[in-house]
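Structural features, examined
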Amino acid sequence: MIALAERMKSVSESITLAVTAKANALKKAGVDVVGFGAGEPDFDTPTFIKDAAKAALDKGQTKYTPTPSFPELKQAIADKFQRENGLPYEPANVTVGAGGKACLYMAFMAVLNPGDEVVIPSPFWVSYPEQVKLAGGVPKIIRGEESNGFKITPTQLEKSIGPRTRVVILNSPSNPAGHAYTPTELKALADVIVKHPAVVVFSDEIYEKLVYDGLEFVSFAKLDERLLDQTLTFNCHSKSFAMTGWRLGYIGGPKPVIDAINKLQSQMTSHVTSFIQIPGAVALNDPRGAESIETMRVQFEKRGKHMWERLSKLPGVTCVRPQGAFYCFPNVSSYFGKTVGGAKITDAVSFAATLLEQAHVAVVPGNDSGFETHVRLSFATSMEQIDKGIDRIAEWLKKIG
Ligand SMILES: Cc1ncc(COP(=O)(O)O)c(C=O)c1O
């Protein structure tokens, strides 16, 4: 038997996977499952970006490239940061990795020493704590209360920072709760961070384009000049351009950290796939990119409002209105301790598993995001599916005694 490395013990098994596997098995068996699990847009990648990839292949962009990507892509990213976010990053301040996920992981590897603490507001994206542990760090979870729209307060943030704190993660708009900080709220957090110059903020801004109800998005590093030295800004093409499968993410930040990440990547994967790089630049530079984002955003805004309105009307369910991303995160804990069709509901996992089994609706339990009282529903699906799924949930909830 091949013995596994000690570090594998620190990585948790995803509780969510079991529910996803079950949903897939049911679908395969021909059951009509309404899926609210998707963490990706249901739109296709815009044609002009796909065409750019075909052209890249035809031009022979099939060989090794520089580690931080072709200069054209770095330039396009630096331009995007300057134009859209007001961040004065030069090409030397940016690098590219295989999706937002790989960018975050490389950055943790580049800055964390064993035992360093990373402050993670909950509910959080499932991979943050696991990546932190793999990089030798210690996740320190602070709870964003539902009563405060899942947002952490400056006081909470201040209290969470101690002598071992190295990184604070901020993710606005957020997965899984769809909450987003206003510029004023974010500035109040920034005022805490600048008092701790040794702390680095990982600002995960991958949902920046998907904001609703006129909410103004602002990049964290833009809030105070001093933050440029204290922030790594993460973004990717995955959600904005419906390019999840392409694996294209990027980081902006101080050059020494970017250089360290490049050193790491050069010994790991070398660089991202060659023929997605120029299309990645085209997506950012071409006005059709912004147009396609807006088309998608408008749809998500309508669907999100509709899903939230319907969820809020369900008896025993409370739901914070999402202001960004494409998720609703209702609290279903009033059903815990009850029984339905012979199954006992004890937490979000058993709620999701029973809902799937009995009503054929797939949702994601919040347990892996630090909230076992909530479930995540993605509205990256059609209005018809949203109505069909919530009709089923409503009928099923009536049976819970
Ligand atoms: C908050 C957050 N950060 C990062 C990622 C990773 O994005 P990518 O698909 O580009 O790796 C995701 C993906 O769902 C996410 O929700």
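Residues numbered from 1 in each chain as written. Predicted model: local features only at pLDDT ≥ 70, side-chain atom pairs only at ≥ 80, totals over all residues. Heavy atoms only, no water.

1. Details of the sheet that holds strand 3 (residues 117-122)
Spatial ordering of the open sheet is given by 2-8-7-6-5-3-4, a layout of seven strands whose pairing is mixed. For this open sheet the edge positions go to strand 2 (94-97) and strand 4 (138-143), each flanked by a neighbour on one side alone. Each strand of the sheet is rotated relative to its neighbour by a mean of 25°, with strand direction disregarded. With five bridges connecting them, strand 5 (residues 165-171) and strand 6 (residues 200-204) associate as parallel partners. (Pairing = 2+ DSSP bridges. Helix = DSSP H or I, 4+ residues; strand = E, 2+ residues; numbered from the N terminus. Axes fitted to C-alpha atoms, helices over the stretch in contact; angles between N-to-C directions.)

2. Quick look at the nonpolar core
Counting residues in each nonpolar core, the largest one holds 48 residues, and the members touching the most others are Phe 36, Met 307, Phe 351, Trp 396 and Leu 397. Within the residue set of this core, elements represented by two or more residues are helix 1 (15-28), helix 10 (287-312), strand 9 (327-328), helix 11 (348-359), strand 12 (361-362), strand 14 (375-378) and helix 12 (383-398). It is helix 11 that provides the largest number of residues to this core, a total of six residues. (Core = buried A, V, L, I, M, F, W, Y, C linked by side-chain atoms within 4.5 Å. Buried < 20%, exposed > 50% of the residue type's maximum accessible area, 1.4 Å probe, protein only.)

3. Describing the sheet that holds strand 9
Taking strand neighbours across the sheet as the criterion, the three strands line up as 9-14-13 in an open arrangement whose pairing is antiparallel. Edge positions in the open sheet fall to strand 9 and strand 13 (364-365), since each of these has one partner strand only. The pairing of strand 9 with strand 14 spans two bridges and is classified as antiparallel. Paired with Tyr 327 across the two strands is Ser 378, which belongs to strand 14.

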